[in-house]
Amino acid sequence: MTAIFTATILGSPRIGPNRELKKAVEAYWSGRLGADAVATVGKQLREQTWTALRDAGLDSIPVGTFSYYDHVLDTAAMLGALPDRVAGIKNELDRYFASARGTDTVAPLEMTKWFDTNYHYLVPEISPSTTFTLDPSKILAELDEALALGIPARPVVVGPVTFLLLSKAVGSDAPLLDRLDELLPLYAELLGRLAAAGADWVQIDEPALVADRTPEEIEAAKRAYDLLSADPSRPAILVASYFGSLGDALPALASTGVEGLSVDVVAGSDSLASVPELTRKHVVAGVVDGRNIWRTDLDAALASLGTLLGSAGSLAVSTSCSLLHVPYTLDAETGLDKALRSWLAFGTEKVREVVTLGTALTSGRESVEDDFALARAAASTRRTDPRLRDATVRARLDALSASDPGRSPAAQRREAQSALDLPPLPTTTIGSYPQTTQIRVARAALRRGEIGEAEYLDRMRAEIADVVALQEKLDLDVLVHGEPERNDMVQYFAEQLDGFFATDNGWVQSYGSRCVRPPILYGDVRRPNPMTVDWITYAQSLTGRPVKGMLTGPVTILAWSFVRDDQPLADSANQVSLAIRDETVDLQGAGIRIVQVDEPALRELLPLRAADQPAYLDWSVGAFRLATSGVADSTQIHTHLCYSEFGEVIAAIARLDADVTSIEAARSHMEVLGDLNAVGFDLGVGPGVYDIHSPRVPSVGEIAASLREALKAVPVERLWVNPDCGLKTRGKAEVEASLRNLVEAARQVRAEL
Ligand code: GLN
Ligand code: ZN
């Protein structure tokens, strides 16, 4: 009989407490560090991670969630499914990184969001010529390493069903799940190898089963685990789910011979009691939220563990998902006040909570009563902290939602905005211009105290003046200030709003070596002062052409923050909306006639299950409208959306009711325009006419051709001309050349009208 464990987590962060791995791989990419040195950094990080988890008291520790870039890419590598185009690259590590990042000659894999998180994985490409083969060297090596350190290691791999459902079929329309039978023997072999190497449990992640799945897909999953569990020479199998409810997949998995199942008790609502087979399983209960940073209510968590106990053969305490999604530790935060600190739990603190709950479950809570008392005390200070409730904000919101008529009909606004006197096919950009070395140097110097605030402001103004002059020279119609003062489009606002806290070191991996530091929204949101007015009015003072004010929308601000768990997200969104609304009104008061409110994350927060989507779209559209309906008809509201397939949210885009929507549509902007027409969209639209994610300079001819195409779908009065996203990641020279061609293309097509 396999040993039953009681306290675990589903996975660990890997970028390093001080982003050691980021620094190492970036040094490798630039040739400053050798492969051996990178490997050493990886090994040290794994050892640190595992020994800390063991010392904290976990009795089963995930091994294999380390990655140089991405765990889905690791799975593709393990299954021989890297794209054919990298096959010529002899060095294994370089081949791996080429799949992730591309090279001069090889395009990278696409990247997309890992479920509804802010982590992005690489999308494996599977073609009819893909021949799956097993290379378990990475997971076996890490298992050996862990066992040598005496770690109670539980190897973790992405499961075959999730792997296929997350991959992209190329060169064939057949569903990829048809290829499951090719993978199962490889997984069976893998399990055998892991058992032989000393693993008694293996965790197979199948998060794809928490989204809506067809009966056939659920049947395929059942078949997979029937087959994998039939092999006698295998370790015990824990099928891990996270990010929501398993729904119909729960009884299907429970009916197979796997020994363990993990369920997300925080994000999901599965009723375990209704699945009798679970009384013969080891249930790993994710009661500690792995995705947010709030301290767990230990009393409530223990109570729900108590309830689960009766439905499970045996029970272990766990985080709801991998700790990949939260920062390492509160110890690295110096700026937190005592109260706020006591409300939070980052990775290390969450592990402690798991252990405390595990102890309470197995040996009674007496020995950990102090921890329970501390959690209770923190919860009670949080409930009563004055920062959590701002009566003025709440009263204003109530009054507004009762009385706000929204904006006038679009036609009336169009009329009022004709005073802008723009030419047909107006040209503009999305907001940011290249983040130059001068900008970075100035920001670093300010942070280190080498220059004062006044000097910093001067340097940023100089950048703005350059960008305005460039746009005038290029003859763009609607100008922007270029966003040099913004470190990040969410953090910049969070730092200025009451209710948000920006961490010192709360880094979370976003993709590959890229990390973000999401702000923490903990209290009611108030805008003590205007946030952007000085910058935009400065830019406007330099030119007679209209300068667009540039704001981040409420949904995106929430999507890229850690959010409150003590009120509905919709309520938090509306509070942010109020602050943005005040900013739009102040910009208008300062003479700014166009304001863009970016919502690139609108699609990101869309719930995984269709049944939950309409409610989300209602409140998110409502929040955007609240943010943008405070201005006069004559003020033109723009929005910008990107990073996604918009199919599912296209109707919501129309309901945003922005006067002009610029939209990333590099793959096929014609399709987006058709989709928008299909939902009756009749406002201004700027389908990106070139892809800013590539350094290539588009020619006048190709941009003009795109515009002619677009004019078949959209009347000339509604069409805008712009790149598909902000320009901050691009170089100055290519931006100038591209925009010159964009303006020239608009001019040519105008002449044909
Ligand atoms: N205004 C922002 C910029 O141009 C928009 C960024 C985005 O689309 N993510 O950088
Ligand atoms: Zn964008």
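Above this text is the structure in question.
Worth saying up front: this structure is predicted, and the values here are computed from it rather than measured.

## Focus: the overall build of the chain
Working step 1: When you go through the chain residue by residue, the secondary structure sums to 26 helices and 20 strands.
Working step 2: The C-alpha radius of gyration of the chain comes to 27 Å, within 12% of the 27 Å expected for a compact globule of 753 residues.
Working step 3: Overall, the C-alpha framework of the chain stretches about 80 × 60 × 55 Å when taken along its three principal axes.
Working step 4: By residue count, 58% of the 753 residues in the chain fall in the buried class.
Working step 5: In the chain, 76% of the contacts between residues at least 6 apart in sequence involve partners at least 24 apart.
Working step 6: Here the chain has roughly 28,600 Å² of accessible surface; of this, 52% comes from carbon and sulfur atoms.
Working step 7: Put simply, the chain has 73 plus and 102 minus side-chain charges, and the middle of one group is 3 Å from the middle of the other.

## Looking at the sheet that holds strand 18 (residues 636–641)
Working step 1: Read across the open sheet, the 5 strands follow the order 16-17-18-19-20; overall the sheet is parallel. In this open sheet, the two strands that pair with only one neighbour each are strand 16 (548–552) and strand 20 (684–687). Strand after strand, the sheet turns through a mean of 20° between neighbouring axes, direction not considered.
Working step 2: Bridging between strand 17 (residues 594–598) and strand 18 involves 5 bridges; their strand directions are parallel. For Asp 598, the partnering residue across the bridge sits in strand 18 and is His 640.

## A word on empty space enclosed by the protein
Working step 1: Tallied over the entire structure, the rule returns 5 cavities of 30 Å³ or more.
Working step 2: Quantified by volume, the largest cavity comes out at close to 100 Å³.
Working step 3: Along its surface, the largest cavity is lined by 13 residues, and Ser 12, Pro 13, Arg 46, Thr 49 and Phe 66 are the ones closest to its centre.
Working step 4: Looking at the lining of the largest cavity, the elements that each hand over two or more residues are helix 2 (35–56) and strand 1 (61–63).
Working step 5: Sort the elements by how many residues they give to the lining of the largest cavity and helix 2 lands first, with 4 residues.
Working step 6: One number sums up the size of the second largest cavity: a volume of about 50 Å³.
Working step 7: Taken together, Ser 432, Gln 435, Glu 483, Arg 486, Asn 487, Asp 488, Met 489 and Lys 728 form the lining of the second largest cavity.
Working step 8: Of the residues assigned to the lining of the second largest cavity, the class counts are 1 nonpolar, 3 polar and 4 charged.

Cut-offs used in this document
- Residues numbered from 1 in each chain as written.
- Chains lettered and ligands numbered in written order.
- Predicted model: local features only at pLDDT ≥ 70, side-chain atom pairs only at ≥ 80, totals over all residues.
- Heavy atoms only, no water.
- Helix = DSSP H or I, 4+ residues; strand = E, 2+ residues; numbered from the N terminus.
- Rg over C-alpha atoms; globule rule 2.2 N^0.38 Å.
- Buried < 20%, exposed > 50% of the residue type's maximum accessible area, 1.4 Å probe, protein only.
- Contact = heavy atoms within 4.5 Å.
- Areas by Shrake-Rupley, 256 points an atom, 1.4 Å probe, with all protein chains shown as cover.
- Lys, Arg positive; Asp, Glu negative; His and termini not counted.
- Charge placed at Lys NZ, Arg CZ, Asp CG, Glu CD.
- Pairing = 2+ DSSP bridges.
- Axes fitted to C-alpha atoms, helices over the stretch in contact; angles between N-to-C directions.
- 1 Å grid on protein atoms, 1.4 Å probe; cavity = no way out; pocket = protein on both sides within 12 Å on 5 of 7 lines; lining within 4 Å.
- Points joined across faces, edges and corners; volume = space filled by probe spheres on them.
- Nonpolar A, V, L, I, M, F, W, Y, C, P; charged D, E, K, R; others polar.

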